[in-house]
Amino acid sequence: MEIKGSFYPFKRYSDNPILTKEDVPYPCNTVFNAAAIKFNNKYLLILRIEDQRGRSHLTLARSNDGYNFKVDEEIWAQPSEDPEYEPYERFGLEDPRVTMIDGTYYITYTAFGPYGPRVAISSTDDFREFNRICLATEVENKDAVLFPEKINGHYVMINRPTGGGSGAGSIWITYSPDLVHWGRSRAIMTPEPGWGGSKLGISTPPVRTDCGWLALYHGVRATASGRLYRIGALLLDLENPEKIIGYTPYFIFGPEYDYERIGDVPNVVFPCGLIVEDDGMIKMYYGAADTCIALAEGPLDELMKICQCGPTTC
Ligand code: BMA
């Protein structure tokens, strides 16, 4: 297949960014890195909002069309006062991702506290309650997504323990019988010199396709003037999701426009949510420069094809 440019197949929405701090009905520093899902025929974003102390919480934004969002007046989830959670999320809740499993919505997020970042899981049936299930990993671990169904009898999560050694910054997979106890963890993708040379992380919850589980991942390149965050796509085997059956060895989306290049953290695009529409188009919601939220769209089938342009067994 012909490769039609490195940013193929996503096209940015012409009115980007779709949300900035001006859209938040209370004072804050930034709004970015949002989970996305359809609920009751509406589009929902779970926003990461950073306050003026530099700490993050989660607030919902709602839309009828996926482009024009209204941010709730009330915060949805703030650091817990429960002694089981308080020491670990004292400094904030960051980078949510949401997955529906058997009719319940599960939110994975980074709990950030004095010991560093770790992955937490909560659930909701109605986007009113925010029911904490567990702190699923130790520090340092972030960038966690759940698969939308059990595979071979287990819940499956991808995450990114920081680790040490030459494989630091790798993407890992782990399994659980109950969403609380996780194990049989192993690394599935490790940084190589190039656009994702310093670390990788999964970006969006896997979507089932005929060919495999499709997910976006981010690659970080440390440069003399800071870190660059860009996006690739990968396909995992449906039955054995620790097997990568195709991926884009090059990035397919990266910072280009001012709102992606200029902000609290320059040169960052950071999707946490994908919505696949009935016509096969994907909406990718991404944080830009850790300052605002933007949207890009592209066809799912093209994304699958370009995953198979790279090393593939599909
Ligand atoms: C990562 C995460 C993201 C953030 C990115 C760029 O480590 O913390 O929340 O968008 O860095 O600053």
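Report on the accompanying structure.

Conventions we followed
- Residues numbered from 1 in each chain as written.
- Predicted model: local features only at pLDDT ≥ 70, side-chain atom pairs only at ≥ 80, totals over all residues.
- Heavy atoms only, no water.
- Pairing = 2+ DSSP bridges.
- Helix = DSSP H or I, 4+ residues; strand = E, 2+ residues; numbered from the N terminus.
- Contact = heavy atoms within 4.5 Å.
- Axes fitted to C-alpha atoms, helices over the stretch in contact; angles between N-to-C directions.
- Near = heavy atom within 4 Å.
- Polar contact = N/O pair within 3.5 Å; in protein donor to acceptor, adjacent residues only side chain to side chain.
- Areas by Shrake-Rupley, 256 points an atom, 1.4 Å probe, with all protein chains shown as cover.
- Nonpolar A, V, L, I, M, F, W, Y, C, P; charged D, E, K, R; others polar.
- Buried < 20%, exposed > 50% of the residue type's maximum accessible area, 1.4 Å probe, protein only.
- Core = buried A, V, L, I, M, F, W, Y, C linked by side-chain atoms within 4.5 Å.
- Salt bridge = Lys/Arg side-chain N within 4 Å of Asp/Glu carboxyl O.

## Focus: the sheet that holds strand β19 (residues 269-276)
Read from one edge to the other, the open sheet built from four strands follows the order β1-β21-β20-β19, with strand pairing classed as antiparallel. Each edge of the open sheet carries a strand with a single partner, namely β1 (11-12) and β19. Inspection of the sheet shows β1 paired to strand β21 (residues 292-299) by two bridges, in the antiparallel sense. Bridge pairing links R12 to A296 in β21. On top of the sheet, helix α3 (residues 300-307) reaches β19, β20 (281-288) and β21; it is set at about 80° to β21, its chief contact.

## Overview of the site of the ligand
Around the ligand, the neighbouring residues are N33, R48, D95, K142, Y229, V265, V268, F270 and D290. Within the side chain of N33, one N or O atom sits 2.9 Å away from an oxygen atom of the ligand. One of the side-chain nitrogen or oxygen atoms of R48 is found 2.7 Å away from an oxygen atom of the ligand. Contact with the protein chains removes 89% of the 300 Å² of surface that the ligand exposes when unbound. Residue classes in the shell around the ligand are distributed as four nonpolar, one polar and four charged.

## Digging into the environment of P83
Take P83: it is sitting in the loop between β5 (70-71) and α1 (86-89). Taking relative accessible area as the criterion, P83 reaches 70% and is therefore assigned exposed. Spatially, the C-alpha atoms of P83 and P161 are 24 Å apart, while their sequence positions differ by 78 residues.

## Digging into the pairing of β19
Regular strands place side chains that alternate from one sheet face to the opposite one. Of all eight residues in β19, seven are buried, a share of seventy percent or more. For β19 and β20, the ladder comprises seven bridges, and the chain directions are antiparallel. In the sheet register, F270 faces β20, and the bridge partner there is G287. The antiparallel hairpin formed by β19 and β20 contains four residues in its connecting segment, where G280 sits at a positive phi of about 90°.

## Some remarks on the nonpolar core
Nonpolar side chains tend to gather and get buried jointly when the protein is soluble and globular. With 27 residues, the main nonpolar core has F10, L216, Y286 and L303 as its most contacted residues. Residue contributions to this core peak at five residues, all from α3. Setting aside chain neighbours within four positions, we find L303 in contact with P9, F10, L214, L216, A233, I252 and I282. With 21 residues, the next largest nonpolar core counts F147, M189, L238 and F251 among its residues.

## Description of the environment of L303
With respect to the helices, strands and loops of the structure, L303 is situated in helix α3. The class for L303 is buried, based on a relative accessible area of 0%. For the pair L303 and G153, spaced 150 residues apart in sequence, the C-alpha to C-alpha distance is 29 Å.

## Section: the pattern of salt bridges
Tallied over the full model, the rule gives 16 salt bridges. Among the salt bridges present, the one from R97 reaches D143, with a minimum N-O distance of 3.2 Å. Placement of R97 in strand β6 (residues 92-101) and of D143 in strand β10 (residues 141-146) is noted, with a sequence separation of 46 residues between them. Its relative accessible area of 2% is what places D143 among the buried residues. One salt bridge connects D143 with R160, and the closest N-O pair in it is separated by 3.4 Å. Highlighted residues: D143 in strand β10 and R160 in strand β11 (residues 155-161), separated in sequence by 17 residues. For the residue pair D143 and R160, the accessibility class agrees, reading buried in each case.

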